[in-house]
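Structural description and commentary
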Amino acid sequence: QSALTQPASVSGSPGQSITISCTGASSDVGGYNYVSWYQQHPGKAPKLMIYDVSNRPSGVPDRFSGSKSGNTASLTVSGLQAEDEADYYCGSYTSSNTLVFGGGTKLTVL
Amino acid sequence: QITLKESGPTLVNPTQTLTLTCTLSGFSVTTSGVGVGWVRQPPGKALEWLALIYWYDDKHYSPSLQNRLTITKDTSKNQVVLTMTNVDPVDTATYYCVRGTLQGGFDYWGQGTLVTVSS
């Protein structure tokens, strides 16, 4: 299975909004509403931010939102804050009953 | 409080078998709906899903590694064990134990354990 495609980096100023894309295929992202997003700060374990495309676990700020169109899922971070600077990974369930991650995106808050 | 803690060797010789143990706290490996698995991350690189075992002993593996991986659970110790055979330096990574499902993602992660494969 091939890794999902994410941009290597995105950036934005405090208060602005950014969107990170995650492109797969009809056998993963496009075929199921089972996309998750993870935030990872340097030296730390990843943290689940979004599951089932657009649901937020308890405790995740509503500045984080997820969506999907066709084979591409997106994570939007509104009202950027300094602490949002991190690496972000998407993950998707696949038709082979496995899970595949994206290559990761580094978010820089300018 | 739910926690997962990885344990195992920090250094492994090439061609050897790596065995990692995940000790669970705050939930049981037999709880309905629960899956426990492993994700790794080579230094400076992306996450890679490896394997998952569900409460009813259903097991799933990464297609690219399935012939080298075995995941099992020990209900008496509330642990999940991953073995990887014939390791290579490219297997050098931080290995994370995770709780969740293939569909819903992973809501709890261990702190990770760095395993280096080198002679």
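Please refer to the structure placed before this passage.
Residues numbered from 1 in each chain as written. Chains lettered and ligands numbered in written order. Predicted model: local features only at pLDDT ≥ 70, side-chain atom pairs only at ≥ 80, totals over all residues. Heavy atoms only, no water.

Side note on the overall build of chain B
Per the secondary structure count, chain B includes zero helices and 11 strands. Helices and strands appear in chain B in the N-to-C order β-β-β-β-β-β-β-β-β-β-β. A compact globule built from 119 residues would reach a C-alpha radius of gyration of about 14 Å, and chain B, at 13 Å, matches this within 12%. The principal-axis extents of the C-alpha atoms in chain B amount to approximately 40 × 30 × 25 Å. Counting only residues that meet the buried cut, chain B has 50% of its 119 residues in that class. Put simply, 54% of the contacts in chain B that link residues at least 6 apart link residues at least 24 apart. Surface accessibility of chain B: about 5200 Å² in total, with carbon and sulfur atoms responsible for 47%. With 8 positive and 8 negative side-chain charges, chain B shows a spacing of 3 Å between the two charge centroids. (Helix = DSSP H or I, 4+ residues; strand = E, 2+ residues; numbered from the N terminus. Rg over C-alpha atoms; globule rule 2.2 N^0.38 Å. Buried < 20%, exposed > 50% of the residue type's maximum accessible area, 1.4 Å probe, protein only. Contact = heavy atoms within 4.5 Å. Areas by Shrake-Rupley, 256 points an atom, 1.4 Å probe, with all protein chains shown as cover. Lys, Arg positive; Asp, Glu negative; His and termini not counted. Charge placed at Lys NZ, Arg CZ, Asp CG, Glu CD.)

Quick look at the sheet that holds strand β7 (residues 69–74) of chain B
Residue and element names in this part refer to chain B. A sheet is described by the order of its strands in space; here four strands give the open sequence β1-β3-β8-β7, paired in antiparallel fashion. Strands with a single pairing partner mark the edges of an open sheet, and in this sheet they are β1 (3–7) and β7. Direction aside, the axes of adjacent strands within the sheet are offset by 20° on average. Across six bridges, the pairing between β7 and strand β8 (residues 79–84) is antiparallel. From the neighbouring strand, L69 faces β8, where its bridge partner is M84. (Pairing = 2+ DSSP bridges. Axes fitted to C-alpha atoms, helices over the stretch in contact; angles between N-to-C directions.)

A few points about the interface of chain A and chain B
At the interface, 19 residues of chain A touch 19 residues of chain B. Both sides of the chain A and chain B interface together cover about 1600 Å² of buried area, and 65% of this is carbon and sulfur. The largest per-residue losses of area from chain A upon contact with chain B belong to P46, L99 and F101 of chain A, which jointly make up 31% of the total buried on that side. Put simply, chain A and chain B have zero salt bridges between them. At the boundary of chain A with chain B, the tally comes to six residue pairs in polar contact (both at pLDDT 80 or more). Residue assignment for the side of chain A that touches chain B shows that the elements contributing at least two residues are β3 (35–40), β7 (86–93) and β8 (99–101) of chain A. (Buried area = accessible area lost by both parts, 1.4 Å probe. Salt bridge = Lys/Arg side-chain N within 4 Å of Asp/Glu carboxyl O. Polar contact = N/O pair within 3.5 Å; in protein donor to acceptor, adjacent residues only side chain to side chain.)

What to know about the packing of aromatic side chains
A complete count under the given rule lists 11 aromatic pairs over all chains for this structure. Ring centres of Y32 of chain A and Y93 of chain A lie 5.0 Å apart, and the angle between their planes is 85°; this geometry places the pair in the edge-to-face category. One end of the pair, Y32 of chain A, is in the loop between β2 (18–23) and β3; the other, Y93 of chain A, is in strand β7, with 61 residues separating them in the sequence. We classify Y32 of chain A as partly exposed; its relative accessible area is 25%. When the centroid spacing of 5.6 Å and the interplanar angle of 70° are considered together, the rings of Y38 of chain A and W109 of chain B count as edge-to-face. (Phe/Tyr/Trp six-rings, centres within 6.5 Å; stacked < 30°, edge-to-face > 60°.)

Describing the sheet that holds strand β6 (residues 72–77) of chain A
Residues and elements named next belong to chain A. Ordered in space as β2-β6-β5, the three strands form an open sheet in which the pairing is antiparallel. One side of each edge strand has no neighbouring strand; the edge strands of this open sheet are β2 and β5 (64–69). Going from strand to strand, the sheet's axes swing by 20° on average, the running direction of each strand aside. As defined by bridge partners, β2 adjoins β6 across six bridges and the pair is classed as antiparallel. Considered in β6, the bridge of I20 is made with L75.

A few points about the pattern of salt bridges
Oppositely charged side chains can pair when the atoms bearing their charge come close. Residue and element names in this part refer to chain B. Going through the model one piece at a time under the given rule, you end up with six salt bridges over all chains. K73 is the partner of D57 in a salt bridge, and the nearest nitrogen-oxygen pair spans 3.7 Å. In this pair, D57 is assigned in the loop between β5 (48–54) and β6 (59–61) and K73 in strand β7, connecting sequence segments 16 residues apart. A salt bridge links R99 to D107; its shortest N-O distance comes to 2.8 Å. Judged by its relative accessible area of 17%, R99 is buried.

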